[in-house]
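# Chain and residue survey
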Amino acid sequence: MYLTHLECPRCGARHDAGRLANLCACGSPLLARYDLAAVGRGVTPAALAGRAADLWRYRELLPVAGDPVTLGEGWTPLWPAPRYGDHIGVPGLLVKDEGLVPTGSFKARGAAVGVSRARELGATHVAMPTNGNAGAAWATYAARAGLAATIAMPRDAPAICRNEVVAAGATLHLVDGVISDAGRLIREIVDKDGIFDVSTLKEPYRIEGKKTMGYEIVEQLGWRVPDVIVYPTGGGVGLIGIHKALGELRALGWIGDRLPRLVAVQASGCAPVVRAFDAGERRTEPWPDARTVAFGINVPAPLGDELILDALSATGGTAIAVDDAELLADLRAFGAREGLLLCPEGAAGLSAVRRLRATGWIGAAEEVVVLNTGAGIKYPDTVAAGTPPSS
Ligand SMILES: Cc1ncc(COP(=O)(O)O)c(C=O)c1O
Ligand SMILES: [Zn+2]
């Protein structure tokens with residue numbers, strides 16, 4: 001293993017990676033750091049080509065020493081979407097389909113790596129608030145690892161995620177309100193019972209799982225970066241992770257200096273990152289009365305706001321909010337042209353591309369990757385049979 005330490009991106013403090021860790025004393029999330037020079041001597045892009053089609057192909061860049069807890073997560077397809085792309089004036093559109101990951105969302109990447117590391121550092125019981133998919137994934141991987149899990153989610157989270165948590169034998173708490181209300185309940189539980197808190201960005205290894213989306217995009221393009229990567233942003237872990245992955249690949253010399261422009265997509269009913277980005281601020285303000293059909297991005301106060309905003313500015317990216325009606329129309333328009341039922345969060349990414357193309361921020365010849373972060377079939381109500389398809 002090439003993991004050396006944990007680093008605070010805010011105050012620079014160095015932390016021991018050999019024991020269970022949450023936030024830095026200054027309140028910032030921590031980032032895992034590796035001996036990249038040694039990684040570069042130990043493995044090359046060419047050597048990765050013959051490895052298993054899962055995220056553990058990047059094991060030198062992951063924080064797990066022993067056998068990982070796995071259900072075969074990662075290495076999802078990166079599909080060209082030329083018909084929908086032509087429709088919105090971006091023929092170079094690609095969609096990475098995270099719906100094929102176990103538990104039906106990219107959250108399994110973070111859970112596989114986070115649970116693997118928590119287990120090897122001695123955790124026996126993990127707890128977290130969730131908008132649904134992360135809880136389903138962590139409950140599933142905790143069960144697979146022989147750990148107990150306690151999950152709290154809003155009462156109106158997708159029913160299937162609730163059921164997945166119960167099916168995996170975890171303890172489920174339903175709360176009235178949004179993910180931050182579930183977070184308050186989890187804080188009480190971890191304080192009282194000494195359970196390991198794996199809330200979004202409160203432990204450092206979920207990012208490590210999610211960053212593999214960034215490695216895969218680059219490897220699947222033949223060790224080349226696209227012009228733009230569009231990510232539906234709630235807690236922002238995926239976006240922060242992709243940015244971290246790109247930085248690591250650049251430090252390794254596996255890609256050049258140019259990075260893709262990263263785009264954080266939010267719903268107009270919950271857009272704290274967009275508001276802060278537009279105002280040129282470094283932190284977000286909690287979004288009041290947050291609501292959107294794209295449930296996974298209904299996060300009114302993301303803990304990693306600084307890291308999200310840094311990723312956008314460091315790459316010349318942007319943040320944009322889209323309406324529920326618009327993303328549902330794009331979900332239909334995409335399905336009819338490309339035959340893939342997206343999750344509403346992924347569809348929000350398409351609405352963002354359409355809008356950014358219309359303003360000229362995305363050029364007609366650019367290569368744009370949208371993350372479809374989950375399986376459309378986890379959200380059976382985004383399309384009603386009997387409603388005519390949109391144009
Ligand atoms: C399907 C889906 N997309 C996107 C997100 C947002 O994830 P992140 O915390 O990485 O911003 C979530 C989070 O719940 C989700 O379930
Ligand atoms: Zn710090």
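See above for the structure.
To start, this report covers the structure provided alongside it. (Residues numbered from 1 in each chain as written. Chains lettered and ligands numbered in written order. Predicted model: local features only at pLDDT ≥ 70, side-chain atom pairs only at ≥ 80, totals over all residues. Heavy atoms only, no water.)

## Comments concerning the overall build of the chain
Secondary structure summary: the chain contains 14 helices and 13 strands in total. The C-alpha radius of gyration computed for the chain amounts to 19 Å, which stays within 12% of the reference 21 Å derived for 391 residues, consistent with globular compactness. Looking at the chain residue by residue over its 391 residues, the buried ones come to 59%. In the chain, of all internal contacts separated by at least 6 residues, the share reaching a separation of at least 24 is 70%. Within the chain, one finds 39 positive and 42 negative side-chain charges whose respective centroids are separated by 2 Å. (Helix = DSSP H or I, 4+ residues; strand = E, 2+ residues; numbered from the N terminus. Rg over C-alpha atoms; globule rule 2.2 N^0.38 Å. Buried < 20%, exposed > 50% of the residue type's maximum accessible area, 1.4 Å probe, protein only. Contact = heavy atoms within 4.5 Å. Lys, Arg positive; Asp, Glu negative; His and termini not counted. Charge placed at Lys NZ, Arg CZ, Asp CG, Glu CD.)

## Digging into the packing of helix α10 (residues 237-252) against helix α12 (residues 305-314)
Contact geometry for α10 and α12: axes closest at 9 Å, N-to-C directions at 50°. Classified by the interaxial angle, the pair formed by α10 and α12 is oblique. Relative to α12, the crossing made by α10 is left-handed. From α10, Leu239, Ile240 and His243 reach across to α12, where they touch Leu307, Ile308, Asp310, Ala311, Leu312 and Ala314. Along the lines of polarity and charge, the residues of the contact of α10 with α12 split into 7 nonpolar, 1 polar and 1 charged. (Axes fitted to C-alpha atoms, helices over the stretch in contact; angles between N-to-C directions. Parallel < 35°, antiparallel > 145°, perpendicular 65-115°, else oblique. Left-handed = near helix turned anticlockwise from the far one by under 90°. Nonpolar A, V, L, I, M, F, W, Y, C, P; charged D, E, K, R; others polar.)

## A word on helix α14 (residues 344-358)
Taking 1.5 Å per residue, 15 residues should reach 21 Å; α14 reaches 21 Å between its end C-alpha atoms and fits that length. Within α14, 11 of the 15 residues are buried, which leaves it mostly tucked inside the rest of the structure. Two residues or fewer past α14, Gly360 is found with a positive phi of approximately 90°. (Expected span 1.5 Å × (residues − 1).)

## Some points on the site of ligand 1
Ligand 1 sits among 16 residues. The nearest are Lys107, Tyr231, Gly234, Gly236 and Thr373. With respect to ligand 1, the side chain of Thr373 contributes an N or O atom lying 2.7 Å from a nitrogen atom. When the free accessible area of ligand 1 is taken as 400 Å², the share hidden by the protein chains comes to 97%. Those elements that provide at least two residues to the shell around ligand 1 are β10 (228-232) and α10. In the shell around ligand 1, the residues fall into 5 nonpolar, 8 polar and 3 charged. (Near = heavy atom within 4 Å. Polar contact = N/O pair within 3.5 Å; in protein donor to acceptor, adjacent residues only side chain to side chain. Areas by Shrake-Rupley, 256 points an atom, 1.4 Å probe, with all protein chains shown as cover.)

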